[in-house]
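What the coordinates show
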Amino acid sequence: MGEITNVMEYEAIAKEKLPKMVFDYYASGAEDQWTLQENRNAFSRILFRPRILIDVSKIDMNTTVLGFKISMPIMIAPTAMQKMAHPEGEYATARAASAAGTIMTLSSWSTSSVEEVASTGPGIRFFQLYVYKDRNVVAQLVRRAERAGFKAIALTVDTPRLGRREADIKNRFTLPPFLTLKNFQGLDLGKMDEANDSGLAAYVAGQIDRSLSWKDVKWLQTITKLPILVKGVLTAEDVQAGAAGIIVSNHGARQLDYVPATIMALEEVVKATQGRIPVFLDGGVRRGTDVFKALALGASGIFIGRPVVYSLAAEGEKGVRRVLEMLREEFELAMALSGCRSLKEITRDHIVTEWDASLPRPVPRL
């Protein structure tokens, strides 16, 4: 293993190290995986308009998310079952996020419980929530997350059913026998049965509530004081009052194939919020330049998912720390070379997208 110089290089290492069933689970998208490719490719249709001769000797990447101060607008997305990647799983990710001064989102389907993650020490953590058919399970889980010091709920709204992930069907994916979905251990919901296709798809069909609607978001607000981020919005139509923020996400291209890349959907959602609530981007970010592009299109921050599990598989906590460091350094460089000294200086004028190349630009008078 030579010197790792960028985030993408961890994927190949993870592929070598992990059992096929596990790697395929992390890596695959839905059906034809068109959106999976597009989540990456769409970034290449956005180019920079850098501003020069600006004093960039000091660059400030600090920001606040829901009132919490973080060191950079790069956060960790919820990814399930991290102990499949590395024995330390979510513990390592939590420590790496804390060391980087940023936010970790813990998946409902984590292989470490909310209490265990809280025990790793201080840090700002959000809890991703799936709504189970049994609302008592949901209420109990939210209360536990609150007690464990989690600061917000990221409610996943794009999964009334699990997307068709053909690798998981072929591999008959199921949670390895030595692991359990720790948050549900005492509720007999912590195990995933073997199934004829994907064990996770069968689990979702049995447990996750397909009837989830806006009224349930209102219900959730009655049982918790925590702010609720709605994760999985892709259109202006789905920007509705009540959320504390929105995460533009297509679930890592794992749900409905042929939805646009999140970076393509971002601006529409940002415009619909009219600046009232923050909008975050999840999906496809692998470079500091991607982070800059998302902020230029109106995002308040981004979340990374797969790079976390790949680097975790490769090097444990050290790998996740390194991913956060590399993205931070690349983002800082993109800011400097674009002539931006703080996040508020990153504007739409710093980029041009393929879809607005036709718009005339002002011609300066010399």
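Along every chain, residues carry numbers that run from 1 in the direction the sequence is written. The predicted origin of the model limits local features to residues at a pLDDT of at least 70 and limits the giving and counting of side-chain atom pairs to 80 or more, whereas totals for whole chains, interfaces and linings rest on all residues. The side-chain figures draw on all heavy atoms in the structure; neither hydrogens nor water molecules are used.

A closer look at the layout of surface pockets
Grid points spaced at 1 Å over the protein atoms alone were grouped into cavities, where a 1.4 Å probe fits but cannot get out, and pockets, open sets with protein on both sides within 12 Å along at least five of seven lines, with lining residues defined by an atom within 4 Å of a point. Grid points are joined across faces, edges and corners, and a volume is the space filled by probe spheres set on the points. Its volume calculated, the largest pocket comes out at about 330 Å³. Around the largest pocket, the lining is made up of 19 residues, and of these Arg161, Leu162, Gly163, Arg164 and Ala201 lie nearest the centre. Numbered from the N terminus, helices here are DSSP runs of H or I no shorter than four residues, and strands are runs of E no shorter than two. Mapped by element, the contributors of at least two residues to the lining of the largest pocket are α7 (166–170) and α8 (199–207). Per-element accounting of the lining of the largest pocket gives the leading share, four residues, to α8. Looking at the second largest pocket, its volume works out to about 230 Å³.

Remarks on the packing of helix α11 (residues 288–296) against helix α12 (residues 306–338)
Where α11 meets α12, the axes come as close as 7 Å, and the angle between the chain directions of the two elements is 60 degrees. In terms of orientation, α11 lies oblique with respect to α12. Once α11 is placed against α12, the crossing between them reads as right-handed. In contact with Gly288, Thr289, Val291, Phe292 and Leu295 of α11, α12 contributes Leu327, Glu330, Phe331, Ala334, Met335 and Ser338. Residues are grouped as follows: Ala, Val, Leu, Ile, Met, Phe, Trp, Tyr, Cys and Pro are nonpolar; Asp, Glu, Lys and Arg are charged; every other residue, Gly included, is polar. Classifying every residue of the contact of α11 with α12 gives seven nonpolar, three polar and one charged. Here an angle of 0 to 180 degrees is reported between the N-to-C directions of two axes, which are lines fitted to C-alpha atoms, with helices fitted over the stretch in contact. Angles below 35 degrees are treated as roughly parallel, those above 145 as roughly antiparallel, those between 65 and 115 as roughly perpendicular, and all remaining angles as oblique. Helix crossings fall into two classes, left-handed where the near helix is turned counterclockwise from the far one by less than a right angle and right-handed where it is turned clockwise. Residue contacts follow a heavy-atom distance rule, with two residues in contact if any of their heavy atoms lie within 4.5 Å.

As for the environment of arginine 135
Take arginine 135: it is sitting in helix α6 (residues 135–147). Apart from the residues lying within four places of it in its own chain, the contact partners of arginine 135 are Asp209, Asp216 and Trp219. Distance and chemistry together define a polar contact, namely a pair of N or O atoms within 3.5 Å, with one atom able to donate a hydrogen and the other to accept it when in protein, and with adjacent residues in sequence counting only for side-chain atoms on both sides. At 3.0 Å, the side chain of arginine 135 forms a polar contact with the backbone oxygen of tyrosine 132.

Examining the nonpolar core
Nonpolar cores are built from buried Ala, Val, Leu, Ile, Met, Phe, Trp, Tyr and Cys residues. Side-chain atoms within 4.5 Å join them into one set. Whether a residue is buried, partly exposed or exposed follows from its accessible area with a 1.4 Å probe, protein chains only, as a fraction of its type maximum: under 20%, in between, or over 50%, in that order. Among the nonpolar cores identified, the biggest contains 106 residues, and Met81, Trp109, Tyr132, Leu200, Ile263, Leu266 and Phe331 are the most heavily contacted of them. Of the residues forming this core, the biggest block, 14 residues, is contributed by α12. With sequence-adjacent residues up to four places away left out, leucine 200 is seen in contact with Tyr25, Met81, Trp109, Leu162, Arg165, Phe173 and Met192. Met75, Ala77, Ala152 and Ile247 belong to the second-largest nonpolar core, a separate cluster that totals 13 residues.

Describing the UniProt feature "binding site: glyoxylate" (unreviewed entry) in the chain
The feature "binding site: glyoxylate" (unreviewed entry), as annotated in UniProt, sits at Tyr25, Arg165, His251 and Arg254 in this numbering. Maximum C-alpha separation among the annotated residues is 13.2 Å over a sequence range of 230 residues, consistent with a single clustered spot. Lining the largest cavity, from the residues named above, are Tyr25, Arg165, His251 and Arg254. Relative to the elements of secondary structure, tyrosine 25 occurs in helix α2 (residues 20–27). Note on tyrosine 25: relative accessible area 4%, which makes it buried. For tyrosine 25, the residues in contact, after removing those within four places along its chain, are Ala80, Met81, Met84, Arg165, Asp168, Phe173, Leu200 and Arg254. Within the secondary structure, histidine 251 sits in the loop between β9 (245–248) and α10 (262–273). Among all residues touching histidine 251, those that are not within four sequence positions of it are Tyr130, Thr156, Asp158, Thr159 and Arg165. UniProt positions are given in the numbering used here, feature names are shortened, and annotations may be inferred rather than shown by experiment.

Regarding empty space enclosed by the protein
Taken as a whole, this structure holds two cavities of 30 Å³ or more when the rule is applied. In terms of lining, the largest cavity is formed by 27 residues, of which the most central are Pro78, Thr79, His251, Gly252 and Arg254. Of all the secondary structure elements, the ones that give two or more residues to the lining of the largest cavity are α2, β11 (301–304) and α12. For the lining of the largest cavity, the element with the most residues is α12, which contributes three residues. Partitioning the lining of the largest cavity into residue classes produces 12 nonpolar, nine polar and six charged. The computed volume of the second largest cavity comes to approximately 40 Å³. Lining the second largest cavity, in full, are Val7, Met8, Glu11, Arg286, Pro307 and Tyr310. Tallied by class, the residues present in the lining of the second largest cavity amount to four nonpolar, no polar and two charged.

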